[in-house]
Amino acid sequence: MGSSCTVKILEIAQIKPSLELPNCTIEFSLPLTFFDSFWFTFPPVEGLLFYNLNDLTPADFSSEILTKLKQSLSLTLRHYLPVAGSLKWPSDAPRPFILYAPDDGVSVIVAESDADFHRLSSNGIYEAVELHPLIPHLRSSDDSASILAIQITFFPSQGFSIGITAHHTVLEGKTTSMFMKSWAYLCRLGNKENPGLPLELIPYFDREIIKDPTGHDLDILYLNQRLICSNGNKSLKVPTNKRATPNLVRATVTLSQEDFKKMREKVLSKSPDSSKIPPLSDFALTLGYVASCIVKARGGAETYFGNCNVILADISEAGGYMDFENGIAFGAVKVSNMVKGLKEKGVFEGAKDRLAPLFKIAKEPPGSVQKLIVAGSPRFDLYKTDFGWGRPWKVVLVSIDKNEAISMAESRDGNRGIEVGLTLKKPEMERFLSMFLKDV
């Protein structure tokens, strides 16, 4: 603890899409859907992938790794032109939109760090701010914001990291992970002439498949609701100073299939009628158990707020999470019922009011509410992002230290476990880890 991470900037480049396809030489625009405008004003998503390469020399990094990453990124961008473009909102336009112009590209920072690679890529406790120098900023102004920024950081004799910052209005987790896996796929192919992408990695840009049957014009509704909360500020300027408070620490914990089996058995054994308990997925059990541990670590007198999906939210009393069997059941059943309700009622049931819980929480006095937002997913398979030098040593969602979130990812060992990333105050983290899985 207390060790700082500093970087030396070696290069700042703009990587443009390869011009081998004719569509890269013409302007290309996309409207936002209501799924996009729902996230308007949310901070960018920041992620890190660590690659462990012992004895990596500056020459090998520059001539081998960096060259291949740049070349394959250019090839990838020709399939993902909006990523190379910007989010635009001219003063005379009723709503923002995505625009790619032929001279656009993605900002790539190349840096070097003397920090302890293995400590920063470990599951152990360290200060959350230590990862911030490894993450780039999005370029932005009042009427324009870049969609993606990348930073490649060299750790001499240890490995390298790829830091990505994605504009949440344009890129959600699945699309970002698809882009990263496309980049890795093309990097592994090397100099193959005119490489294409597998069908499952080819993006589909037709916005006509997203229909809004509610009659509420949800994209404008969500946009206007966001603007009301921000006092009508239409600026696309992305704040660069919204960082974690200095006393937050990070850690990663893992739940295995054996843990999930024990949790299900305990929850069912405590229920007077197990037939009334909905199916308990690994996701629901993870969120229910982690929420229970966090509430106990923080102290459980406040109200608890949980967001388990891009459009699902719940407000509950914290007391329901305070003991193991009932606490995990309380959370897991809530999550399971929310997912069940979405499947049964569809995406549009109550859609116009989905931002209301967030606005309600924002008005509560500081300290009166515990928020727990879930970012990422164990279904994104980010540990399969192999650029040709092996699977990532560690995948970290850095931006959870801004909004009291936890992250979920598949476990690196491939045994269908779930990794949970946490940022808490140090005393809370110590209490959390002291109880985690002790009662399972």
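Only a predicted model underlies this, so the values are computations on that prediction, with no experimental measurement involved. (Residues numbered from 1 in each chain as written. Predicted model: local features only at pLDDT ≥ 70, side-chain atom pairs only at ≥ 80, totals over all residues. Heavy atoms only, no water.)

Visitor: Give me the lowdown on the sheet that holds strand β15 (residues 394–397), citing residues and values where you can.
Guide: Pairing is mixed in the open sheet, where six strands are placed in the order β1-β6-β9-β10-β3-β15. Edge strands, defined here as strands with exactly one partner in the open sheet, are β1 (7–15) and β15. Across the sheet, the axes of successive neighbouring strands diverge by a mean angle of 15°, strand direction being ignored. (Pairing = 2+ DSSP bridges. Helix = DSSP H or I, 4+ residues; strand = E, 2+ residues; numbered from the N terminus. Axes fitted to C-alpha atoms, helices over the stretch in contact; angles between N-to-C directions.)

Visitor: So what about the environment of Thr-6? Which residues, and what values?
Guide: If you trace the backbone, Thr-6 turns up in the segment before β1. Sequence separation between Thr-6 and Pro-133 is 127 residues, and the spatial gap between their C-alpha atoms is 6.3 Å. The contacts of Thr-6, once residues within four sequence positions are left out, are Glu-112, Ser-113 and Asp-114. (Contact = heavy atoms within 4.5 Å.)

Visitor: Got a sec to walk through the sheet that holds strand β8 (residues 144–146)? Specific residues and values, please.
Guide: Read across the open sheet, the four strands follow the order β2-β5-β4-β8; overall the sheet is antiparallel. Edge positions in the open sheet fall to β2 (28–31) and β8, since each of these has one partner strand only. Each strand axis lies, on average, 25° off the axis of its neighbour in the sheet, ignoring direction. Where β2 and strand β5 (residues 97–100) come together, four bridges link them in antiparallel fashion. Looking across to β5, one finds that Leu-30 is bridged to Ile-98.

Visitor: Provide a residue-level description of the side chain of Ser-113, including the pertinent values.
Guide: Along the polypeptide, Ser-113 turns up in strand β6 (residues 106–113). Side-chain polar atoms of Ser-113 contact the backbone oxygen of Thr-6, separated by 3.1 Å. If we skip the residues at most four places from it in the chain, Ser-113 touches Cys-5, Thr-6, Val-7, Thr-153, Phe-154, Phe-155 and Pro-156. (Polar contact = N/O pair within 3.5 Å; in protein donor to acceptor, adjacent residues only side chain to side chain.)

Visitor: Tell me what's going on with the nonpolar core, and back it up with residues and numbers.
Guide: Among the nonpolar cores identified, the biggest contains 61 residues, and Leu-69, Ile-150, Phe-160, Ile-162 and Phe-387 are the most heavily contacted of them. Beyond its immediate chain neighbours, meaning those up to four positions away, Phe-387 contacts Tyr-51, Leu-69, Ile-162, Met-180, Trp-183, Ala-184, Cys-187 and Arg-188. Among the nonpolar cores identified, the runner-up in size contains 35 residues, and Val-249, Ala-251, Phe-283 and Ile-418 belong to it. (Core = buried A, V, L, I, M, F, W, Y, C linked by side-chain atoms within 4.5 Å. Buried < 20%, exposed > 50% of the residue type's maximum accessible area, 1.4 Å probe, protein only.)

Visitor: Can you tell me about helix α2 (residues 58–77), naming the residues and giving the values?
Guide: Helix length check: α2, at 20 residues, gives a terminal C-alpha distance of 27 Å against a target of 28 Å (1.5 Å per residue), a fit within 8%. Helix geometry: α2 is bent most strongly at Leu-66, by close to 30°. Restricting attention to buried positions, one finds in α2 the residues Phe-61, Ile-65, Leu-66, Leu-69, Ser-72, Leu-73, Ser-74, Leu-75, Thr-76 and Leu-77. Looking at the packing, one finds that the buried side of α2 touches β1, α3 (81–84), β6, β9 (148–155), β10 (159–166) and α5 (173–189). (Expected span 1.5 Å × (residues − 1). Bend = angle between axes of the 7 residues up to and from the residue.)

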